[in-house]
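One letter stands for each residue in the lines below.
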Amino acid sequence: MGIVCASGSREHHVVVVGGGFGGLQAVSKLRRAPVEVTLVDRRNFHLFQPLTYQVATGALSPGEIAYPLRAIFKRDRNVRVLLAEVAEFDLDARELQLRSVSGVPAPERLGYDTLIVAGGSHYSYFGHEEWRAHAAEVKSLESALAVRSRLLAAFEAAETEPNAEQRDAWLTFVVVGAGPTGVEMAGQIAELAQDTLRRDFRTIDPRRARILLVEAADRVLTNFPPSLSAKAERALRRLGVTVLAGRTVIGIDAAGVTLDGRDGGAERIASRAVVWAAGVTASSLAGSLAELTGAERDRAGRVTVEADLTLPGHPEVLAIGDMVRVRDPGGEPVLLPGVAPVAMQQGRYAATVVRARLRGREHGAFHYRDKGNLATIGRAAAVADIKGVRLSGFFAWATWLVVHLWYLIGFQNRLLVFIRWSFSFATHGRGARLITGASSAADRRDG
Ligand SMILES: Cc1cc2nc3c(=O)[nH]c(=O)nc-3n(C[C@H](O)[C@H](O)[C@H](O)COP(=O)(O)OP(=O)(O)OC[C@H]3O[C@@H](n4cnc5c(N)ncnc54)[C@H](O)[C@@H]3O)c2cc1C
């Protein structure tokens, strides 16, 4: 199923599905290998998800955290980029079935010798899909922009709302889920209200906004040691965020959120701007692979791969990143954290497997090297747990800045984000406070 080159020779054809953190590393590591690589993604860009929440709060613009896949590999003659969505796998024929996206025609089928699948994950609403319409998340660029519009529109609506109760509802922001993304979102909304917008309005005082962070567990940042969770919670409180730990969301609609009450009843919170940062579910590609190979799936839909990241009975198919759970060399499934370093290390490992096989060599099992955890809360406030070294405050924040700038794709984006962060730090400003996607009567009329 290899690709026939201009010279007539037939190269080993590696298809990588997904240009996220895992897929990008796999392709990068194969760019000088004697293989032809096709990278298939339904987006034409790589998205740096760890900073989407900054787009959602107007601190950064979309173009600063996304980079076109074609531009990343423009100098690599053995790499092709294909804009298409993978619909199904035909593992016996070693082919993918593709669907076109954005009206761009795509081949119906694409053959491979080796397949690396890195389809990622998406937010799950715990079986309540109806909540999605009222509680947007920040996983994709589109949803981050929708959140940005919703947050900024809430302040605008509060400014013109004559009824005090309704005004309070517009100025109540609820973030569901206190993992790193939820903590970062709540911190940023608080800074927006307390700092950036404080002089922008005439009727309301944005500093009166209530920012509630709801978490079902008994503390924020449960993937950090309890001492750092406590520090993060104190930093959030200083910013004006109210943490509601040990509370479960039982309803979300256009007018607000319902929490389970401490007395067994329910508590209603009127809010017009709810942000979802809770559970995740693996890409549906994980389910397809599990069905076709008989591999196990966990409750979050992740497919269980072998210790060398291959699918059972299909050594030519590897799956990596957020959509998998990996067996340890003893055969026990291990759930690694759903973070970029895991996906990146697995992407590099998958490329190493391909290269080793081409040389007829064996390769060991995948082993994750945990470099630590970082979460930022706000201006000069963050927590870090790096190989047992626990940092908080300014040093953790500076580490967070350096790490994120380092891993951001593209020199231009690094420079732009650095300049923007420096400028925002000095001026307390946020340059991208735009309400977009609005549909006014004039918009509709003008088409
Ligand atoms: C808001 C947010 C903040 C985060 N912050 C951090 C952080 O601070 N630090 C950290 O380490 N991790 C963070 N993460 C987690 C990190 O982003 C993920 O662990 C990482 O992206 C996983 O990489 P991946 O390659 O598995 O998937 P992804 O990076 O999600 O990439 C999946 C790719 O597959 C493509 N795709 C999916 N399905 C198809 C299909 N059917 N056909 C074609 N293409 C397809 C998608 O378009 C996408 O490009 C964050 C995640 C989110 C959502």
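Residues numbered from 1 in each chain as written. Predicted model: local features only at pLDDT ≥ 70, side-chain atom pairs only at ≥ 80, totals over all residues. Heavy atoms only, no water.

Enquirer: I would appreciate a short explanation of the sheet that holds strand β12 (residues 135-136) in the present structure.
Expert: Paired through backbone hydrogen bonds, the strands of a sheet run either parallel or antiparallel to each other. An order of β12-β19-β13-β14-β15 is seen for the 5 strands of this open sheet, with the pairing classed as parallel. Unpaired on one side and paired on the other, β12 and β15 (241-245) mark the two borders of the sheet. Of the pairings in the sheet, the one linking strand β13 (residues 172-176) to strand β19 (residues 273-276) comprises 4 bridges and is parallel in character. By the bridge assignment, Val176 is partnered in β19 with Trp276. Contacts from helix α8 (residues 226-239) reach β14 (210-215) and β15, with the element oriented near 140° to β15. (Pairing = 2+ DSSP bridges. Helix = DSSP H or I, 4+ residues; strand = E, 2+ residues; numbered from the N terminus. Contact = heavy atoms within 4.5 Å. Axes fitted to C-alpha atoms, helices over the stretch in contact; angles between N-to-C directions.)

Enquirer: Would you mind going over the site of the ligand with me for this structure?
Expert: Neighbouring the ligand are 30 residues, the closest being Gly22, Asp41, Val86, Asp322 and Ala340. Contact between the ligand and Phe21: an oxygen atom at 3.2 Å from a main-chain N or O atom of the residue. Here an oxygen atom of the ligand sits 2.9 Å away from a polar atom, N or O, in the main chain of Ala340. Look at the ligand: alone it shows 990 Å² of surface, and the protein chains cover 90% of it. Mapped by element, the contributors of at least two residues to the shell around the ligand are α1 (21-30), β7 (85-90) and α10 (340-358). Ranked by residues supplied to the shell around the ligand, first place goes to α10 with 3 residues. Here the residues of the shell around the ligand are counted per class, giving 12 nonpolar, 12 polar and 6 charged. (Near = heavy atom within 4 Å. Polar contact = N/O pair within 3.5 Å; in protein donor to acceptor, adjacent residues only side chain to side chain. Areas by Shrake-Rupley, 256 points an atom, 1.4 Å probe, with all protein chains shown as cover. Nonpolar A, V, L, I, M, F, W, Y, C, P; charged D, E, K, R; others polar.)

Enquirer: Quick question: what am I supposed to make of the packing of helix α5 (residues 141-160) against helix α7 (residues 180-196) here?
Expert: What describes two packed helices is the angle between their axes and the distance between those same axes. Relative orientation of the contacting elements α5 and α7 amounts to 35°, with a least axis distance of 12 Å. Of the two elements, α5 crosses α7, and the hand of that crossing is right-handed. Only Met185, Ile189, Leu192 and Ala193 of α7 make contact with α5, whose side of the interface consists of Val147, Leu151, Leu152 and Phe155. (Left-handed = near helix turned anticlockwise from the far one by under 90°.)

Enquirer: Sorry, what's going on with the pairing of β15 here?
Expert: A regular strand places its side chains on the two faces of the sheet in alternate fashion. With respect to burial, β15 is a largely interior element, 4 of its 5 residues being buried. As defined by bridge partners, β14 adjoins β15 across 5 bridges and the pair is classed as parallel. Within β15, the position partnered with Glu215 by the bridge is Ala245. (Buried < 20%, exposed > 50% of the residue type's maximum accessible area, 1.4 Å probe, protein only.)

Enquirer: Any chance you could explain the nonpolar core here in plain terms?
Expert: A general trend in soluble globular proteins is that nonpolar side chains are found buried together. Membership of the largest hydrophobic core comes to 69 residues, with the highest contact counts inside it found for Phe155, Met185 and Leu213. Contact partners of Met185, with chain neighbours within four places excluded, come to Tyr53, Ala56, Thr57, Val138, Val147, Leu151, Val175 and Val275. With 56 residues, the next largest nonpolar core counts Val27, Val86, Ala282 and Val353 among its residues. (Core = buried A, V, L, I, M, F, W, Y, C linked by side-chain atoms within 4.5 Å.)

Enquirer: Looking at this structure, I do not really get the side chain of Ser143. What am I missing?
Expert: Tracing the sequence through the fold places Ser143 in helix α5. Within the structure, the side chain of Ser143 is placed 3.1 Å from the backbone oxygen of Glu137, a separation counted as a polar contact. Excluding residues that lie within four positions of it along the chain, Ser143 makes contacts with Glu137 and Val138.

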